[in-house]
Amino acid sequence: MKQQPVILEVAINGGVTPQRNPHVPLTDEAVIEDSLRCFDAGASIIHAHTYDIRLNGRAGAEAYLRPWRVILAQRPDALWYPTLSVNQADGANLEPIQDRYSHYPFIAAEVPMPFGVVDPGSTNLGYPGPDGLPMGFTYVNSYSDHAYAFGLAKQLGFLPSLAIFEPGFLQTTLAWYRAGRLPKGSMAKFYFGGEWGLWATAKGVSFGLPPTEKALAAYVEMLEGTDIPWSVSVWGGDLLQTPVARMALELGGHLHVGIEEHFDPQRTPTNVELIEETKALCNEMGRPLATFAQTREMLGMAPHR
């Protein structure tokens, strides 16, 4: 039987600095060049941050639109999505949810924005302090925040990209699914916590479940009886050096890589290098990378016209 193609999402930059990886694309020109190279290499979807994640409204939209106008003019069928604005201090989200999404309507009004972030839960995100104990902040997304995000997805016509930091995020997603309110094509992104953690400053503090076969099996068991597509990623580590990449391909899942999440103290790969390494594994497993058209079909999206 023919194997389903793999939706490969690439998170090209995030909050990564050049000190962590000198290849991270941060300027408009770098985002344009890197995104086009990633699409040419086989990426199905690109997730991008702007140079200042605190920007929202028209200013935040314009920061995204400058590079993405150019990219989408050259690849009008390309699939991508921006992140939310974030302004945090003392462990609390300072912005109301409406402000965190306030750049989305401006972007969607000008260029295709087929996906958008929906983070259906809250969790602690940290790193080791001087004594090795956890410090950091709480990433807060209330139930009313989820409802607003799903409502905006319906209003603007984007598919939710569901960041699953830990199992509670998936429980919330399943509640929306069972109520018949989860948009068709919503994709669960299983974020496993690598040994270096989200910020990759030192070992010892991470989040969620570790990237093990048992951890992935738990998520897959939770999804039984649903048709929710899913992918795996490792934050603060290397997905391909863990058992979850191969296991995900065996079970029909998809893959999520990129400089935003990858960390290995021994090397600093480019996004294209990560794609090529991932492509090699997919080919070995008999599951080629999906095209834009195949990705649209698998997620129930209308064909590009």
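Our structure is the block above this text.
A brief report on the enclosed structure follows. Sequence order as written defines residue numbering, which begins from 1 separately in each chain. In keeping with the predicted nature of the model, local features appear solely for residues at pLDDT of at least 70, side-chain atom pairs appear and are counted solely at 80 or more, and the whole-chain, interface and lining totals rest on all residues. Side-chain calculation: all heavy atoms of the structure are included, whereas hydrogens and water are not.

Topic: the sheet that holds strand β3 (residues 80–82)
Backbone hydrogen bonds are what pair the strands of a sheet, in a parallel or an antiparallel way. Ordered in space as β3-β2-β1-β12-β11-β10-β9-β6, the eight strands form an open sheet in which the pairing is parallel. The open sheet terminates on both sides in strands that have one partner only, identified here as β3 and β6 (115–118). Ignoring which end each strand starts from, the neighbouring axes of this sheet average 25° apart. At least two bridges found by DSSP between two strands are what make those strands a pair. Under the scheme used here, helices are H or I runs from DSSP no shorter than 4 residues and strands are E runs no shorter than 2 residues, and both carry numbers assigned from the N terminus. Of the strand pairs in this sheet, strand β10 (residues 187–193) and strand β11 (residues 230–235) are connected by six bridges, and their pairing is parallel. To define axes, lines are fitted to C-alpha atoms, for helices over the stretch in contact only, and angles between the resulting N-to-C directions are given on a 0 to 180 degree scale.

Here's the deal with the nonpolar core
Within the largest apolar cluster, 87 residues are counted, with the highest numbers of intra-cluster contacts made by Trp68, Phe190, Phe192, Leu216, Val232 and Leu255. Whether two residues are in contact is decided by their heavy atoms, any of which lying within 4.5 Å being enough. Apart from the residues lying within four places of it in its own chain, the contact partners of Leu216 are Phe190, Phe192, Trp230, Val232, Val244, Met247 and Ala248. In this text, buried Ala, Val, Leu, Ile, Met, Phe, Trp, Tyr and Cys residues form a nonpolar core when linked through side-chain atoms within 4.5 Å. Relative accessible area decides the class of each residue, using a 1.4 Å probe on protein chains only: under 20% of the type maximum gives buried, over 50% gives exposed, and in between gives partly exposed.

What to know about helix α5 (residues 143–156)
An expected span of 1.5 Å times one less than the residue number is assigned to each helix. Taking 1.5 Å per residue as the helical rise, α5 with its 14 residues ought to reach 20 Å, and the 20 Å between its terminal C-alpha atoms agrees with that figure. Listed in full, the buried residues belonging to α5 are Asp145, His146, Ala149, Phe150, Leu152 and Ala153. For α5, the angular spread of buried residues about the axis comes to 155°, placing them on one side. Away from its buried face, by an angle of more than 90 degrees, α5 presents the exposed residues Tyr143, Ser144, Lys154 and Gln155. Turning to α5, the residues buried within the fold contact α3 (97–100), α4 (104–110), β6, β9 (159–164) and α6 (167–178). Gly157 lies just past α5 and shows a positive phi near 80°. Working note: the arc is built from the helix axis to C-beta atom directions.

Some points on helix α1 (residues 28–41)
Since there are 3.6 residues in each turn of an α-helix, residues three or four apart along the chain are aligned in direction. For α1, built from 14 residues, the straight-helix expectation of 20 Å at 1.5 Å per residue is met to within 8% by its first-to-last C-alpha distance of 20 Å. Among the residues of α1, those classed as buried are Asp28, Val31, Ile32, Asp34, Ser35, Leu36, Cys38, Phe39 and Ala41. Lining the buried residues of α1 we find β1 (8–11), β2 (45–48), α2 (57–74), α9 (271–284) and α10 (292–298). Gly42 sits one or two residues past α1 and shows a positive phi near 125°.

Let's talk about the side chain of Thr123
Summarising the element assignment, Thr123 is placed in strand β7 (residues 123–128). Beyond its immediate sequence surroundings of up to four residues, Thr123 is in contact with Phe137, Thr138, Tyr139, Phe165, Glu166 and Phe169.

A word on the layout of surface pockets
In this analysis a 1.4 Å probe is tested at points of a 1 Å grid over the protein atoms alone, and where it fits but cannot get out there is a cavity; an open set with protein on both sides within 12 Å along at least five of seven lines is a pocket; lining residues have an atom within 4 Å of a point. Grid points are joined across faces, edges and corners, and a volume is the space filled by probe spheres set on the points. Roughly 770 Å³ of volume is contained in the largest pocket. Taken together, 32 residues line the largest pocket, and the ones lying closest to its centre are Gly15, His49, Ile53, Trp199 and Glu260. Looking at the lining of the largest pocket, the elements with two or more residues in it are β8 (134–139), β9 and β10. Element by element, the count of residues in the lining of the largest pocket is highest for β9, at three residues. By volume, the second largest pocket is sized at about 410 Å³. Taken together, the residues that form the lining of the second largest pocket break down as twelve nonpolar, eight polar and two charged. Note that Gly is not counted as nonpolar here; it falls among the polar residues with everything else outside the nonpolar set of Ala, Val, Leu, Ile, Met, Phe, Trp, Tyr, Cys and Pro and the charged set of Asp, Glu, Lys and Arg.

Here's the deal with the packing of aromatic side chains
Think of a pair of aromatic rings as described by two things: how far the centres are apart, and how the planes are tilted against each other in angle. Aromatic contacts are taken between Phe, Tyr and Trp rings whose centres are within 6.5 Å, Trp giving its six-membered ring; a plane angle under 30 degrees counts as stacked, one over 60 as edge-to-face, and the others as tilted. In this structure the tally under the stated criterion is 18 aromatic pairs. Here Phe150 and Trp176 contribute two aromatic rings whose centre-to-centre distance is 4.4 Å and whose plane-to-plane angle is 40°, an arrangement assigned as tilted. Residue Phe150 is located in helix α5, and its partner Trp176 is located in helix α6; the two are separated by 26 residues in the primary sequence. Of the two residues, Phe150 and Trp176, neither departs from the other in class, the shared state being buried. An aromatic cluster of at least three residues, connected via ring pairs, comprises Tyr139, Phe165, Phe169, Tyr191, Phe207 and Trp235.

Points about the environment of Leu174
By the secondary structure assignment, Leu174 is in helix α6. Spatially, the C-alpha atom of Leu174 lies 35 Å from that of Thr270, the residues being 96 residues apart in sequence. Not counting chain neighbours up to four residues away, the residues in contact with Leu174 comprise Met222, Leu223, Thr226 and Ile228.

A short note on unusual backbone geometry
A positive phi angle, near 50°, is found at Ala200, a position not held by glycine. Take Ala200: it is sitting in the loop between β10 and α7 (213–222). On the basis of relative accessible area, Ala200 is assigned to the buried category, the value being 10%.

Comments concerning the pairing of β7
The sheet contact formed by β7 and β8 spans six bridges and is antiparallel. Directly across from Gly126, in β8, lies its bridge partner Gly136. The hairpin turn running from β7 into β8, its antiparallel successor, is five residues long, and Gly132 in that turn takes a positive phi close to 85°.

Quick word on the pairing of β10
Of all seven residues making up β10, seven are buried, and the element is well covered by its neighbours. Here β10 shows a buried face lined by Met187, Lys189, Tyr191 and Gly193 and a second buried face lined by Ala188, Phe190 and Phe192. The sheet contact formed by β9 and β10 spans four bridges and is parallel. Bridging from a neighbouring strand, Leu162 pairs with Ala188 of β10. What joins β9 to β10 is α6, and the crossover it makes is right-handed. By convention a crossover is right-handed if, when the strands point away from the viewer, the path from the first strand over the helix to the second runs clockwise.

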